[in-house]
Amino acid sequence: MKKPFCIWEGDTLVLNILGTPNAKRDAIGKVKGHQLCVSVTAVPRAGRATDHMVRFLADEFGVSVSDIQVVFGRMNVNKQLRIKAPKRLPSVIGQQELC
């Protein structure tokens, strides 16, 4: 069975992310393996790209920045985030049966 890129723990969405810093635009991409691809324009320096990604995803999911916790990967492209009670779901997540 394929490992899912996201799971629900109560009202919290746990996402495995493959981040791409220095992109042309901020965007949520497709699922690659067991990770959701997310690109951000920020440079990968001292966790700035991850901080930028959290702000971008907070807007996309309709939550405040404080509702997103970086479980691991703040200084790495492989990350896991916990999003508390998302108000909106991007279409790529809505299409997944395993979420």
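This section reports on the structure supplied with the text. (Residues numbered from 1 in each chain as written. Predicted model: local features only at pLDDT ≥ 70, side-chain atom pairs only at ≥ 80, totals over all residues. Heavy atoms only, no water.)

### Details of the overall build of the protein
Thought 1: Regarding its fold elements, the protein presents two helices and six strands.
Thought 2: In the protein, the succession of α and β elements from N to C terminus is β-β-β-β-α-β-β-α.
Thought 3: Relative to a compact globule of 99 residues, whose C-alpha radius of gyration would be 13 Å, the protein shows 12 Å and is just as compact.
Thought 4: Projected onto its principal axes, the C-alpha positions of the protein cover 35 × 30 × 20 Å.
Thought 5: Out of the 99 residues in the protein, the part that is buried amounts to 38%.
Thought 6: Considering only intrachain contacts with a sequence separation of at least 6, the fraction spanning at least 24 residues in the protein is 48%.
Thought 7: If you sum the accessible surface of the protein, you get close to 5,800 Å²; carbon and sulfur atoms cover 51% of it.
Thought 8: If you average the places of the 15 positive and of the 8 negative side-chain charges in the protein, the two averages end up 8 Å apart. (Helix = DSSP H or I, 4+ residues; strand = E, 2+ residues; numbered from the N terminus. Rg over C-alpha atoms; globule rule 2.2 N^0.38 Å. Buried < 20%, exposed > 50% of the residue type's maximum accessible area, 1.4 Å probe, protein only. Contact = heavy atoms within 4.5 Å. Areas by Shrake-Rupley, 256 points an atom, 1.4 Å probe, with all protein chains shown as cover. Lys, Arg positive; Asp, Glu negative; His and termini not counted. Charge placed at Lys NZ, Arg CZ, Asp CG, Glu CD.)

### Quick word on the pairing of strand β6 (residues 78-84)
Thought 1: With seven bridges joining them, strand β2 (residues 12-20) and β6 adopt antiparallel strand pairing. Counterpart to Val 14 in the pairing with β6 is Arg 82.
Thought 2: Note: strand β5 (residues 68-72) against β6, four bridges, orientation antiparallel. Bridge pairing in β6 links Phe 72 to Gln 80.
Thought 3: Here β5 hands over to β6 after five residues, with Gly 73 in that stretch at a positive phi of 95 degrees. (Pairing = 2+ DSSP bridges.)

### Here we look at the pairing of strand β4 (residues 35-39)
Thought 1: Where β2 meets β4, four bridges bridge the pair, whose relative direction is parallel. Across the sheet, Gly 19 pairs through a bridge with Val 38, a residue of β4.
Thought 2: The turn joining strand β3 (residues 27-32) and β4, which pair antiparallel and follow one another in sequence, is formed by two residues; a positive phi near 65 degrees is taken by Gly 33.

### Some details on the layout of surface pockets
Over the atoms, a rolled probe matching the size of one water molecule traces out where space is still vacant.
Thought 1: Of the pockets and cavities examined, the largest pocket occupies roughly 180 Å³.
Thought 2: Around the largest pocket, the lining is made up of 17 residues, and of these Pro 44, Ala 49, Met 75, Asn 76 and Lys 79 lie nearest the centre.
Thought 3: Where the lining of the largest pocket is concerned, the elements lending two or more residues are β2 and α1 (48-61).
Thought 4: In terms of residues, the lining of the largest pocket owes the most to one element, α1, which gives four residues.
Thought 5: For the lining of the largest pocket, the residue count by class is eight nonpolar, five polar and four charged. (1 Å grid on protein atoms, 1.4 Å probe; cavity = no way out; pocket = protein on both sides within 12 Å on 5 of 7 lines; lining within 4 Å. Points joined across faces, edges and corners; volume = space filled by probe spheres on them. Nonpolar A, V, L, I, M, F, W, Y, C, P; charged D, E, K, R; others polar.)

### Topic: the environment of Arg 74
Thought 1: Within the element layout of this structure, Arg 74 appears in the loop between β5 and β6.
Thought 2: Judged by its relative accessible area of 36%, Arg 74 falls in the partly exposed class.
Thought 3: Apart from residues no more than four positions distant in its own chain, Arg 74 is found in contact with Ala 46, Gly 47, Thr 50, Asp 51 and Lys 79.
Thought 4: Only 2.8 Å separates the side chain of Arg 74 from the side chain of Asp 51, close enough to count as a polar contact. (Polar contact = N/O pair within 3.5 Å; in protein donor to acceptor, adjacent residues only side chain to side chain.)

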